[in-house]
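Commentary on secondary and tertiary structure
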Amino acid sequence: MEAAYQKIVRLESQLHPLGVQRAPLWQFVLWMGFFGTILLWGVYAMFLCWFKGLNQTNMNDSYGFALWIWADLGVIAVGGGAFFTGLLRYVVGKDPLKYIINYAVLIGFICYSSALLILAIDIGQPLRGWFIFWHANVHSMLTEVAFCLSCYFGVLCIEYIPLVLENRKIDEVPIFHHTSHNFHEVMAIFAATGAFLSFFHQGSLGGVAGVLYGRPFAYRPEFFIWPTTFFLFTWSAAACGPCFTILVTKITEAITRKKLVKDNVVELLAKIAGWMLLTYSIAKIIDTLYWAFVMLPKHNLHVLDFFTNQSLIYSKLGGVPWILVVEILCSVIPAVILVTKKGRQNKPALIVAVFLGSMCALINRWVMVLQVMAVPVLTFETFALYFPSWQELATTILPVAYGVLLISLSHRYLPVFPQERELNPV
Amino acid sequence: MTETQGHGNQEGHAPGSKFGMVIDLDKCTGCGACMVACMAENNVPTKPDETNKLDTITWMRVFKLSNGKAFPDAETCYLPRPCMHCGGKHDAGHSPCVSVCPATATDYSYKTGIVSQIYTRCFGCRYCMGACPYHARYFNWWDPKWPADMKNYLSPDVSVRMRGVVEKCSFCFHRYQRAMDLAYYEERELEENEYQTACTQACPAGAITFGDLNNEDHMVYKVTHEESEGDEILRGRTPFRLLEELETNPKVYYLSGRDWVVKAGNASVREEAKAVKDTGGHH
Amino acid sequence: MFPFSFEWHWDMSHIVFMGGLWYAVIILGLGVNYVVGKSIAETMKDEAGGGHGHDDHGHGDHH
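Here is a short report on the structure shown in this document. A quick note: this is a predicted structure, and the numbers were derived from the prediction, not measured. (Residues numbered from 1 in each chain as written. Chains lettered and ligands numbered in written order. Predicted model: local features only at pLDDT ≥ 70, side-chain atom pairs only at ≥ 80, totals over all residues. Heavy atoms only, no water.)

All names here are of chain A. Across the interface, helix H5 (residues 101-122) lies against helix H16 (residues 390-413) with an axial gap of 10 Å and an inter-helix angle of 150°. With respect to H16, the element H5 is oriented roughly antiparallel. As for how H5 packs across H16, the hand of that crossing is right-handed. Between H5 and H16, the contacting residues are Tyr103, Leu106, Phe109, Ile110, Ser113, Ser114, Leu117, Ile118 and Ile121 on the first element and Thr395, Leu398, Pro399, Tyr402, Gly403, Leu406, Ile407 and Ser410 on the second. Taken together, the residues that form the contact of H5 with H16 break down as 12 nonpolar, 5 polar and no charged. (Axes fitted to C-alpha atoms, helices over the stretch in contact; angles between N-to-C directions. Helix = DSSP H or I, 4+ residues; strand = E, 2+ residues; numbered from the N terminus. Parallel < 35°, antiparallel > 145°, perpendicular 65-115°, else oblique. Left-handed = near helix turned anticlockwise from the far one by under 90°. Contact = heavy atoms within 4.5 Å. Nonpolar A, V, L, I, M, F, W, Y, C, P; charged D, E, K, R; others polar.)

Structure representation (structure tokens):
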């Protein structure tokens, strides 16, 4: 028995990248088993939704868009680190980012595949999902999202495949070796196309809420053919995505108890994210003020009309809608930390900043999905309150478990972090 | 129910009808006959428990409004709410729901002004529901079910809908098709009384008037243009629409002599204390 | 999606939207085909030359 286990360990270790230390196999199996169980729970809920229908959720006719759409927009926003880091590395030419681009791509791949899966669960007739392409209404923001999202997922596959092919054993096969090498050669073209597609789908996700002229809470003025939320969403994804990439990198470093990326690389990305966040927060504040003081008064509405003490999340603390304040603070505070050299070189401050930066996108997406649905429009209707069912929660946790599993597998078998060997000599 | 159907553009017929409704809120007693007629006419499925109006389907829904005052000043108003068949900004056909549907499963007909829903093409993304400020769109959360014997009473003119798609009031479009077929066969124009919705005909108080808002001979035209022939219905009141300020351009007009009811229609003119929806009753 | 589906109109919004989409799809398709084709050609060349040809590529920081 012991001999058989040792043999398996020996064989398995041949799949690890050269010159790096990996956790013992039993530990890895336990870890994977734990998250695999959570994944299975989510998969079970997913099949319940597919076979029994969306009555498995707590959504209703007031809450057509709920937790899933938030999760969808959320993962796409924080997954924006992939396109933006790719753009900086391959098109702008920020060379040091090549040490973190693999991980940014992997995180993006997880986020986008999760988003597509969530969408497949969320639609009432999953087998008709292809109608969005076939019968496309080009005037719908959701059509733009579907097209660009699917295409960009293709780009992420193209960016992730070479990394898989660089596994020690796979790389020994000549055709795979050549393929991964050749993909790297033309990666700039894919990265540029990915940035083009991302610009549109991130923006269109903002447009989804911004074009709802029947709902004053969401509706924003149009700039060219897009509402301002189009630009704010793209901007925030480019700002918050890298924050999430850094956050996940730091979490990975903490769990593996290794330094995986050099500080100068992280600081460069953090600095760019900081400036993006700063400009975003200014734009967001201007947009909010214009909405509150120019658009709403036209309908005799006041910002506070959209908040109620019936709900904890949308309540007014001392007359102030706290979620709106927190949303703005989550862009301003990390921006101030990250644009200063002292701030981003201070480790705890950096962690706080990238955490708040990630939350900035997540809270914004929450407000632009769930609060839009909650706020009544007819004067005689009241706030719609909603709490997700366990099936919705399980299918929302599913991508997290899936992400942990894919990161664990990738980290164990693929050369995700080019600086790992140098930083952790065996 | 797309542009290719119906015969709205037949020779001699005014191009571009705009069907709409005028509902007299001072006449509505809240009896719910319109809701029942609508459900029977349009094969709307039921659930054993229909008390939660957030997940049951009521194409025509009667809201019970209260002025929020205590006895003896308390007043109640029943407000029937079908789909508004919005013409959208500048009445150009870009209804809030139509422009957002990613699969072109809902369409605005320039021949009738009716917003259609193509059930077999809808894949249930529910974006249109989010876009509609009137909550006039409903999702089939469950498989459609009717008590066994009631299946024999399903209308053959209206397709039943499957789980996972959105549905809504169609202004009984199948009645329009039927009436137009006959008119076309007899080579004449459609008469006002030939195409009436089920709710209009079912209302015992005669609170609903239905017709072509573009046709000068129709009563809805006279009422909405405040012409003297409409005086019998208008009785000095001014027609208003729900959330007119949002530029959704609904085709359903309301009449009420009570100021607080008119103010409940639009936030821009609302009273300090909002009109409140009563619990119970028809909800 | 295609000009032969009846939702298609030859108007500016369709041309711009679908033009952008097909442009991206074609770029990606051409890129992938180029990479796969080149890799097959190089592998075949390696095999013809005794299978020692693939070590001449440096992979930069990925190796």
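So, on to the sheet that holds strand S1 (residues 19-24) of chain B. What holds strands together in a sheet is hydrogen bonding between their backbones, with the strands either parallel or antiparallel. All names here are of chain B. Strand order in the open sheet formed by 3 strands is S8-S1-S9, and the pairing between neighbours is mixed. The sheet terminates laterally at strand S8 (208-212) and strand S9 (252-255), the two strands that pair on one side only. Along the sheet, successive strands turn relative to each other by an average axial angle of 20°, direction set aside. Where S1 and S9 come together, 4 bridges link them in parallel fashion. Across the sheet, the residue bridging to Met21 is Val252, located in S9. (Pairing = 2+ DSSP bridges.)

Moving on to the packing of aromatic side chains. Evaluation of the coordinates by the stated rule reveals 48 aromatic pairs over all chains. Note on Phe47 of chain A and Phe51 of chain A: the rings are 5.9 Å apart at their centroids and 15° apart in plane angle, and the pair reads as stacked. With Phe47 of chain A and Phe51 of chain A both in helix H2 (residues 25-52) and 4 residues apart, this pair spans about one turn of that helix. Given a relative accessible area of 38%, Phe47 of chain A falls into the partly exposed group. The class for Phe51 of chain A is exposed, based on a relative accessible area of 63%. On the numbers, 5.5 Å between centres and 65° between planes, the contact of Phe19 of chain B with Tyr176 of chain B is edge-to-face. (Phe/Tyr/Trp six-rings, centres within 6.5 Å; stacked < 30°, edge-to-face > 60°. Buried < 20%, exposed > 50% of the residue type's maximum accessible area, 1.4 Å probe, protein only.)

So, on to the interface of chain A and chain B. Taken residue by residue, the interface counts 48 residues in chain A and 58 residues in chain B. If you sort the residues of chain A by the area they bury against chain B, Asp61, Tyr213 and Phe380 of chain A come out on top, with a joint share of 21%. Taken together, the links from chain A to chain B amount to 1 salt bridge. The salt bridge partner of Asp122 of chain A is Arg126 of chain B, with a shortest N-O separation of 3.0 Å. Of the residues that constitute the side of chain A that touches chain B, the class distribution is 23 nonpolar, 18 polar and 7 charged. (Buried area = accessible area lost by both parts, 1.4 Å probe. Salt bridge = Lys/Arg side-chain N within 4 Å of Asp/Glu carboxyl O.)

Let's shift gears to the nonpolar core. Counting 167 residues, the largest nonpolar core has Tyr63 of chain A together with Tyr127 of chain B as its most contacted members. With 16 residues, helix H15 (residues 347-374) of chain A is the largest single contributor of residues to this core. Contacts of Tyr127 of chain B, omitting those with residues within four sequence positions, involve Phe65, Ser140, Met141, Leu142, Gly207, Val208, Ala209, Val211 and Leu212 of chain A together with Val100 of chain B. (Core = buried A, V, L, I, M, F, W, Y, C linked by side-chain atoms within 4.5 Å.)

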